Amino acid sequence: MSLHSNAASRSVFPKGPSFTLEDFSSRDYIVKEFIEALSDSAISSRRSSLGPANGNQPFDPKPLIRTFEHAQRRLGELSGDLEIRENELSAAVRRAEAQHSQNLNILGRKLKQAIESFQQLDTSFQSAGPGDTALGSGNMAVETGRRLEELDRQRRRALDAHFLLECWDGVSNRGEIILLENLRRSGSGEAKVRSAHIARQLLRISQRLDPKSWNESRSTEPYNDGHLAPNSNNMEGTNGFRWNTREIIEKFSETLEKDLLRQFDDFYRKANFEGMKDCATVLQDFNGGASVVALFVNQHQFFIDRSQLVTEEVGGDPESWEKLADPDAEPSGVEPSLQSLVDEVRVVVQEESAIIRRAFPNYEQVLGKFLQRVFQQSIQQRLEMVLEKANSVSSLAFLRSLQSSRSCISTLVDELKAHGLTEHPETISSQTSLILDQQLEDLFVPYFVGSSYIEREKRTLEELYTSLLFKFTTFHGRRKKAATTFMASLSKSGSELLASAREAYINRLDSSEHSPTQKRVLIQVADLKESTDLARPNDLIFTEEDGQPSISYAKRMLKWLAEAVGRGLELNMNNETPKDMATFLNLLLSIMGEGYLEVCLDAALEAAATQESGRTEPDFAFLRAVRDSISIANLMQQGALPFVERWKRRPTWQLQKKNDFRPKEGDSTAWLEKLQTPTCASLCAFLARVHDVAVSSLPASGANLPQLLSEIALGTRSLLLEHFKRFVVNGPGGLMVTKDMTQYANLLKSWEIDEQIRAPSGMLDVLLEVGSLFVIGPEALRERMRGPGGSSSGKTSSNPGATSARGPGVTSTEAGLSIQDVRAYVFRREDSNTPAMQQMLTNAL
């Protein structure tokens, strides 16, 4: 504001200059220019008053003097005003400094009080005061922390509740969801997680507060940027207008899910595993993660590539398929396309498991879905095609392909378990291991429903046996027999049965059940040139050799049977192994015993009977058939024994639990009341059945029955000695080992076997000694390891079945265990690492 003089100026004098403090505070202010401006204004005013005619008048200083006097008075007034303002500002500064100093003192005192309080609290935490305990201080700290956490949770819940109410207000009253949209678009993973939480809560609120939107089928128009435009489809309420809250929230949820899935796919293509995990975490919390898992699995390049190869025909070399159908040829390996798929699966699963571990919070579930897709789609489709192709070749080709395929896929499962997958390099998790086992089982369950598999094995063997014996049965069916005696009438009845069986075989071979390859193989087995020879058996030319028993034929039949038995033991999935083994044995006895050996012996008997009343010199050529029949019978006995041995190996290997001989202390009393383990009871029952069948099938006189039972007893003994080297045994478990061994020994000794085997200190007593090795103390063990000679030095025998009679320098126990055998059992004791046992083992070296 300009300052002016209050004194009235006369009209004869010009008005004085006007200026304020702002004129002097400007950066452009210069003293010289200010003085010149005052002078110029005075001179110009004088010239204007005198006019041009008076230009030569003498200089008059009075106007300049008046101007400068006026300026001086004005500067004095401004100086006074400036001094007053300066004094006011100085006083204000002093007051502010005093207030600042006071505030610093107050804050300093408060800071000092806070530091002292913190020090007191810290001291109370670190050391207990009088009457207090350290435990009480710790509890106080825990309680303080708990309260702080509770307060923080309450604060977050209050904020979330406030935001939730704001979102619901926008949805229900304005039909907008802008707050959630802004939260979603913020870009952070935490914001998306929160938006998913709130969207799910809004759906629950809508279901409770707006039930009409859940019951009505009418929909609203799609919204844009969170706004939903009103239209005629919106429903009228009590206030005149109402929004369909359910559809608004669901549309936002769909948008959120699509956005997250798109981001997940982008991150996957860029190998950004952290970004993938953020998206997967949100989606898992939002809808269980099913959509992101489906995206990961369905869009995987492995399934995309393999889907194009599923329709490819199963190729392979035709000669390989022919060889697969040939019963006398060694089974070939896995079909190439299936082997290639399995190799690729092995690599892909191991690589993707590492990605799944880094990209998903619930990686085990995702890995399970991925494995299910791999097995149920890729492997199963290719397996079905391979087996269908093999079945079109022959029944034997199908069975061999089934065995090789299951072995290949089982190996794959074992290798994946050994790798560890998501737990690599640690051991695979039990959940994933169960999934792999289940997938392997599900692949082959359709081929083992009921007794379909074993019936197929039996039918295949019957076809091969019938083809092999076709000339033999036809030869004996054409023999002319005079039914003059009772044995001749029986022989005639048997010939009629064989003839009817031959006719049934011819009809079956000509049916559509057999493929051209299988029919051709059976004709080759029957040693026929053309298939028409089967239809005209009466036109065939036979020799005496066709009617004689053939040891080579018996060996081929036993080889085929052994292959079927081995395949059955490997593939059997329905726990019917005893029944299946009985089926194979009955087939062996039926075809080789009744259909082959009995026919040969009947023919020999007939030949001998016809020479009884003859007048010519008798011909003893039939004795050759008797000799070969006896040899074949011995082969049957020796061939049947391994099938029994194989079954004994299954229960002792599979059913014996690893903790059977490591009972817990709390269970010791009840557990030790048992006379034997369940595995021992099962195996003893099986051996008893074998004994009963042998006794009822073989004559009591002669050496066949004792020899067979002795072989079974010694085979069981060898298996048990190896079996108990696999289990860790603690103190109470040692008593159970002793009980099991006693049961085994007593059962085998009760049989009609060689006296040297079951006698005291015989070969079966080694079972009792093995049982004692798990219960005696270190001193007694030291004496056992020293052997009869009292020394533990010398060579050890590697044969656990050797008797106590050993050569010089060989150290053994009385029942025939070598030092190496004893050490193997001692190392299975749970206390083998104790100082006393270690010292004993060291001294025994």
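Calculation notes
- Residues numbered from 1 in each chain as written.
- Predicted model: local features only at pLDDT ≥ 70, side-chain atom pairs only at ≥ 80, totals over all residues.
- Heavy atoms only, no water.
- Core = buried A, V, L, I, M, F, W, Y, C linked by side-chain atoms within 4.5 Å.
- Buried < 20%, exposed > 50% of the residue type's maximum accessible area, 1.4 Å probe, protein only.
- Helix = DSSP H or I, 4+ residues; strand = E, 2+ residues; numbered from the N terminus.
- Contact = heavy atoms within 4.5 Å.
- Salt bridge = Lys/Arg side-chain N within 4 Å of Asp/Glu carboxyl O.
- Phe/Tyr/Trp six-rings, centres within 6.5 Å; stacked < 30°, edge-to-face > 60°.
- Lys NZ or Arg CZ within 6 Å of the ring centre and 35° of its normal.

Peer 1: Hey, could you go over the nonpolar core for me, with residue numbers and the actual values?
Peer 2: Counting 114 residues, the largest nonpolar core has Phe360 and Phe375 as its most contacted members. Of all the elements, helix 14 (residues 363–393) adds the most residues to this core, at 14 residues. Dropping the residues within four chain positions of it, Phe375 is found in contact with Gln380, Ile409, Leu412, Val413, Leu436, Gln439 and Leu443.

Peer 1: Give me the lowdown on unusual backbone geometry, citing residues and values where you can.
Peer 2: A cis amide bond links His424 to the next residue, Pro425, at an omega of 5 degrees. By the element assignment, Pro425 lies in the loop between helix 15 (395–419) and helix 16 (430–444). Of note, Leu421 is a non-glycine position whose phi angle comes to about 55 degrees, a positive value. Its place among the elements puts Leu421 in the loop between helix 15 and helix 16. The exposure class of Leu421 is buried, given its relative accessible area of 3%. Phi at Ser761 is positive, roughly 65 degrees, even though this residue is not glycine. If you trace the backbone, Ser761 turns up in the loop between helix 29 (755–758) and helix 30 (765–772).

Peer 1: Could you give me a rundown of the pattern of salt bridges, with the residues and numbers involved?
Peer 2: On inspection of all chains with the given rule, the structure shows 24 salt bridges. Taking the shortest distance from any N to any O, the salt bridge between Glu322 and Arg520 comes out at 2.5 Å. Residue Glu322 is located in helix 12 (residues 318–325), and its partner Arg520 is located in helix 20 (residues 516–525); the two are separated by 198 residues in the primary sequence. Residue Glu322 is classed as partly exposed on the basis of its relative accessible area of 33%. Through salt bridges with shared partners, a single network forms among Arg400, Glu457, Glu563 and Arg567.

Peer 1: Explain the environment of Gln524 to me, and be specific about the residues and the numbers.
Peer 2: Here Gln524 is to be found in helix 20. Here Gln524 falls in the exposed class, since its relative accessible area comes to 56%. Spatially, the C-alpha atoms of Gln524 and Ser467 are 8.5 Å apart, while their sequence positions differ by 57 residues.

Peer 1: So what's going on with the packing of aromatic side chains? Residues and values would help.
Peer 2: The final tally for this structure, using the stated rule, is 14 aromatic pairs. Put simply, the rings of Phe264, Tyr268, Phe296, Phe360 and Phe370 pair up and form one aromatic cluster. Above the ring of Phe444, the side-chain terminus of Arg406 is found at 5.8 Å from the ring centroid. Lying over the aromatic face of Phe398, Arg456 brings its terminal NZ or CZ to 4.0 Å of the ring centre.

On their own, these measurements won't tell you what the molecule is for.
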